[in-house]
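Chain residues, written in single-letter form:
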Amino acid sequence: MEEQRFFETIFQYYFIALGVMIGGTLIGSIGAFAAGEAPYTYIARLAKSLRIWAIVAAIGGTFDAITTFEKGLFEGSTIDMFKQIVCIISAMGGVQTALLIIEWLIQEEIT
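Reading guide: rules and limits
- Residues numbered from 1 in each chain as written.
- Predicted model: local features only at pLDDT ≥ 70, side-chain atom pairs only at ≥ 80, totals over all residues.
- Heavy atoms only, no water.
- Helix = DSSP H or I, 4+ residues; strand = E, 2+ residues; numbered from the N terminus.
- Buried < 20%, exposed > 50% of the residue type's maximum accessible area, 1.4 Å probe, protein only.
- Contact = heavy atoms within 4.5 Å.
- Areas by Shrake-Rupley, 256 points an atom, 1.4 Å probe, with all protein chains shown as cover.
- Lys, Arg positive; Asp, Glu negative; His and termini not counted.
- Charge placed at Lys NZ, Arg CZ, Asp CG, Glu CD.
- Salt bridge = Lys/Arg side-chain N within 4 Å of Asp/Glu carboxyl O.
- UniProt positions renumbered as here; feature names shortened; annotations may be inferred.
- Phe/Tyr/Trp six-rings, centres within 6.5 Å; stacked < 30°, edge-to-face > 60°.
- Lys NZ or Arg CZ within 6 Å of the ring centre and 35° of its normal.
- Expected span 1.5 Å × (residues − 1).
- Bend = angle between axes of the 7 residues up to and from the residue.
- Core = buried A, V, L, I, M, F, W, Y, C linked by side-chain atoms within 4.5 Å.

As recorded in an unreviewed UniProt entry, the protein chain goes by the name Sporulation protein, listed as coming from Pontibacillus yanchengensis.

Given below as structure tokens:
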């Protein structure tokens, strides 16, 4: 992966995770509203459960990440392993940013 493409990938992972979290919680709250539940409470519960799935969606599934770690450990390609770790951290940053936005929106702390 060339340098410029790597930085583009990092930004993409960040915003994909951000979009999965915000889109999933807001669209999911419409379903809660239609079912007669409290939408803000449901947003908080949904945001908790979507965190890991937003990261998995951003990195394109866990199989590629495991393959990259395997290559890094057994074939000595540590730079690929480092890049994959940075991509996962970028996706985690997108999730944390989305959680802050959601907490701001619903005025409730999500733990």
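**Student:** What's the story with the overall build of the protein chain in this structure? I'm lost.
**Tutor:** Helix and strand counts for the protein chain stand at 4 helices and 0 strands. With 111 residues in all, the protein chain has 36% of them scored as buried. Across the protein chain, the fraction of contacts at a sequence separation of at least 24, relative to all contacts at a separation of at least 6, is 66%. About 6,900 Å² of surface is accessible on the protein chain, with carbon and sulfur atoms providing 67% of the total. If you average the places of the 6 positive and of the 11 negative side-chain charges in the protein chain, the two averages end up 4 Å apart.

**Student:** Looking at this structure, I do not really get the pattern of salt bridges. What am I missing?
**Tutor:** Side chains that differ in charge, positive against negative, can pair when their charged atoms come close. The final tally for this structure, using the stated rule, is 2 salt bridges. Between Arg-5 and Glu-8 there is a salt bridge whose closest N-O contact spans 3.6 Å. You can see Arg-5 and its partner Glu-8 sitting in helix H1 (residues 3–34), 3 residues apart, about one turn around the helix. The exposure class of Arg-5 is partly exposed, given its relative accessible area of 40%.

**Student:** What am I meant to see in the UniProt feature "transmembrane region" (unreviewed entry) in the protein chain here?
**Tutor:** Feature annotation in UniProt assigns "transmembrane region" (unreviewed entry) to the following positions: residues 12–38, 50–69 and 81–106. End-to-end, the C-alpha atoms of residues 81–106 are 37 Å apart, and along that stretch the chain is 100% helix and 0% strand.

**Student:** Mind showing me how you'd approach the packing of aromatic side chains here?
**Tutor:** For any two aromatic rings, the description comes down to two numbers: the centre-to-centre distance and the angle of the planes. A complete count under the given rule lists 2 aromatic pairs for this structure. Ring geometry for Tyr-14 versus Phe-15: centroids 4.9 Å apart, planes at 85 degrees, classification edge-to-face. Directly above the aromatic system of Phe-6 lies the positively charged group of Lys-83, at a separation of 5.5 Å from the ring centroid.

**Student:** Explain helix H2 (residues 39–59) here, please?
**Tutor:** Note that an α-helix has 3.6 residues per turn; residues three or four places apart therefore point the same way. The end-to-end C-alpha distance of H2 is 29 Å, a good match for the 30 Å that 21 residues give at a rise of 1.5 Å each. If you look at H2, its biggest bend is around 45 degrees, right at Leu-50. The complete set of buried residues in H2 reads Ile-43, Ala-44, Leu-46, Ala-47, Leu-50, Ala-54, Ile-55, Val-56, Ala-58 and Ile-59. Phi turns positive one or two residues past the end of H2, at Gly-60, with a value near 80 degrees.

**Student:** I tried to follow the nonpolar core on my own but got confused; where do I start?
**Tutor:** What tends to happen in soluble globular proteins is that the nonpolar side chains get buried as a cluster. If you look at the biggest cluster of nonpolar residues, it comprises 25 residues, and the most contacted ones within it are Met-21, Val-95 and Ile-110. Among the secondary structure elements, those contributing two or more residues to this core are H1, H2 and helix H4 (78–106). The element contributing the most residues to this core is H2, with 9 residues. If we ignore the near neighbours within four places in the chain, the residues touching Met-21 are Ala-47, Leu-50, Arg-51, Ala-54, Val-95, Ala-98, Leu-99 and Ile-102.

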